[in-house]
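Examining the three-dimensional arrangement
The chain contents come next:
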Amino acid sequence: MMPLRRWVVGLVVLAGAVMPALAQQQQQRGVDLHWLEAVPQAPLGVQWGVPWPKGAVQKSDGLVLKGANGAAIPMQSWPLAYWPDGSIKWSGCAISGPTPGEGPFTVSVGSAVLPARALVAVDHADAVEVDTGVLKARFPKSGPFLVDSLIIGQRTVADKGELILEVEDRSEQAAGILKTVGYTSKVTKVTLEQAGPLRAVVKVEGVHVMDKGDRTLLPFVMRFYLYSGVGTMRMVHSFIFDGDQEKDFIKGMGIRFSVPFQEELHNRHIRFSGDGTGVWCQPVRLLPGYRNALSADQYAAHLAGQRMPNMDQLPNRTAMESVAVYDDYKLTQLSPKGFTIAKRTTDKSSWLHVNDGGRSLGLAVLGDVSGGIAVGVKDFWERYPASMEINHATTAEGQLTMWLWSPDGDAMDMRTYDTGPHGLQTNYEDWKPGWGTADGVAHTADLTLYAFDAIPSDAALVSMARAAAAPPVLVATPQYYHSIPTFGVWSLPDRSTPTLTWVEDQLDQLYTFYHGQVEERGWY
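Residues numbered from 1 in each chain as written. Predicted model: local features only at pLDDT ≥ 70, side-chain atom pairs only at ≥ 80, totals over all residues. Heavy atoms only, no water.

**Structural notes on the environment of A476**
- Its location among the elements puts A476 in the loop between β28 (474-475) and α5 (478-483).
- Overall, the relative accessible area of 6% leaves A476 in the buried class.
- Taking the C-alpha atoms as reference, A476 lies 48 Å from R215; in sequence the two are 261 residues apart.
- With sequence-adjacent residues up to four places away left out, A476 is seen in contact with V31, D32, L33, H34 and Y481. (Helix = DSSP H or I, 4+ residues; strand = E, 2+ residues; numbered from the N terminus. Buried < 20%, exposed > 50% of the residue type's maximum accessible area, 1.4 Å probe, protein only. Contact = heavy atoms within 4.5 Å.)

**Quick look at the sheet that holds β28**
- Strand order in the open sheet formed by 5 strands is β4-β3-β7-β1-β28, and the pairing between neighbours is antiparallel. The strands lining the two open edges of the sheet, one partner per strand, are β4 (72-73) and β28.
- The sheet contact formed by strand β3 (residues 63-66) and β4 spans 2 bridges and is antiparallel. Paired with K66 across the strands is A72, a residue of β4. (Pairing = 2+ DSSP bridges.)

**With respect to the nonpolar core**
- Formed by 70 residues in total, the largest nonpolar core has its most connected members in F139, L150, F224, M235 and F272.
- Here this core gets 6 residues from one element, more than from any other, and that element is strand β15 (residues 216-227).
- V50, L474, V475 and I484 belong to the second-largest nonpolar core, a separate cluster that totals 25 residues. (Core = buried A, V, L, I, M, F, W, Y, C linked by side-chain atoms within 4.5 Å.)

**Thoughts on the environment of Y384**
- Within the fold, Y384 resides in the loop between β24 (371-377) and β25 (386-391).
- Given the relative accessible area of 27%, Y384 is considered partly exposed.
- Leave out the neighbours within four places in its chain, and Y384 touches Q333, L334, S335, P336, G522 and Y524.

**Regarding the side chain of H208**
- The residue H208 is located in strand β14 (residues 199-210) in this model.
- By relative accessible area, which is 1% here, H208 ends up buried.
- Of the polar contacts made by the side chain of H208, one reaches the backbone oxygen of L218; its length is 2.8 Å.
- Once residues within four sequence positions are removed from consideration, H208 is found in contact with L163, L165, Y183, T184, S185, R215, T216, L217, L218 and F220. (Polar contact = N/O pair within 3.5 Å; in protein donor to acceptor, adjacent residues only side chain to side chain.)

**Description of the packing of aromatic side chains**
- One pass over the structure, following the stated rule, counts 9 aromatic pairs.
- Pairing W35 with F105 gives two aromatic rings, centres 6.0 Å apart and planes at 85 degrees, and the pair type is edge-to-face. Here W35 is found in strand β1 (residues 31-35), whereas its partner F105 is found in strand β7 (residues 105-109), with 70 residues between them in sequence. You'll find W35 and F105 in the same group, each marked buried.
- Note on F139 and F224: the rings are 5.0 Å apart at their centroids and 45 degrees apart in plane angle, and the pair reads as tilted. (Phe/Tyr/Trp six-rings, centres within 6.5 Å; stacked < 30°, edge-to-face > 60°.)

Below is the structure:
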């Protein structure tokens, strides 16, 4: 019998001979790519990475992406890492616009194809401005707002994009008093990291400043990704905990946009995505579809977000104006098992329960029939407690807030699970003095904003919600990744011998068990 050591060495030598050969073959004909999950239906930007064999791609080389029919697809690429010899080890890639098909695709060395209209990004002294050809965005270099304005055509569809933070003050909790202290974002630095031609990246850094004081808390970095030819903006938000875990309990954290209205109340619309293909729809003033107010077709068009005549052109105007209008709305996901939708007419009125559901895809819409925004969150229900809230829908300017930590849930408690350690000789996990501090802990959230000039259909909103919940990405085959030593030592499934079959069976059983435990125990 071959000694184990010699068998392992032989396997490594064989892998070393096979892996570069496979990588070289792939590189010569192009690296095959496919969608990791479903083909995206929403128009947006897609970005991914491709590793290369040592020496295969040089700094001066361009890259070209081709579809299943061999036609080149506009793509932007940039180096992410290098081999010691200076050749490119990893390339970042991005495409934009409508989905280029189901694939497969290939990326290879060649002359890149530019988009029909390149985006324009300009770094001014006081702000960075990006024009994708569809959406214009302005990022000021100081002040409370990360995004100053979002414009489609001549219409400002959103403005005053800011971060909001609520901290629970428990200093008087023994007396039954809990206070909430508000903070808002303060921009300290803005950097234009990429300027096209297909993708622009704007990095915004800052801190949260107390609304009634000068204390700062939780430094943040937020990157905005914009793509040529689409009105989509991806937002990646990260913050670092630098507070006192014994005193600073995060009650709420979110990003808020204002939406200026141009239409009457019945032509303003609210949307929340629910489970699967469900979308909850509500005009701010719901024109009744009974008592001869609207016909069945008119009522259906009204709910679908189509333009209705102004009030002075509607029959039974007095009756229409007697219908209650709702100013505030929210969808709250406080567990992985269910969400609740509520609304109220004013802040002096009670919240009315509207509906319940299971797992919301995490997309909210605020706008009128001539423009607005939809914002979705990656892994919304998995990141509970989370919520989406719309306020001031009856005023000249509404607000849409995506709560990354919902203030309707318990405050985020960064303290250790006990006041003293217990030791690891008996306990599965534990802590010891000096090792249980939260200082420096970071958290990242991924959001997607869609700007529009008309209320999207429910089917389009579901596609947007799915793309935001699980951003689409192109990937190569496992065999290709395995052929290049960029991920360390790992193996592909191998059942070529009884021993290897037994090993694969054990791995499958362990994976199946622990994957099932996630759902059974709510480990989200």
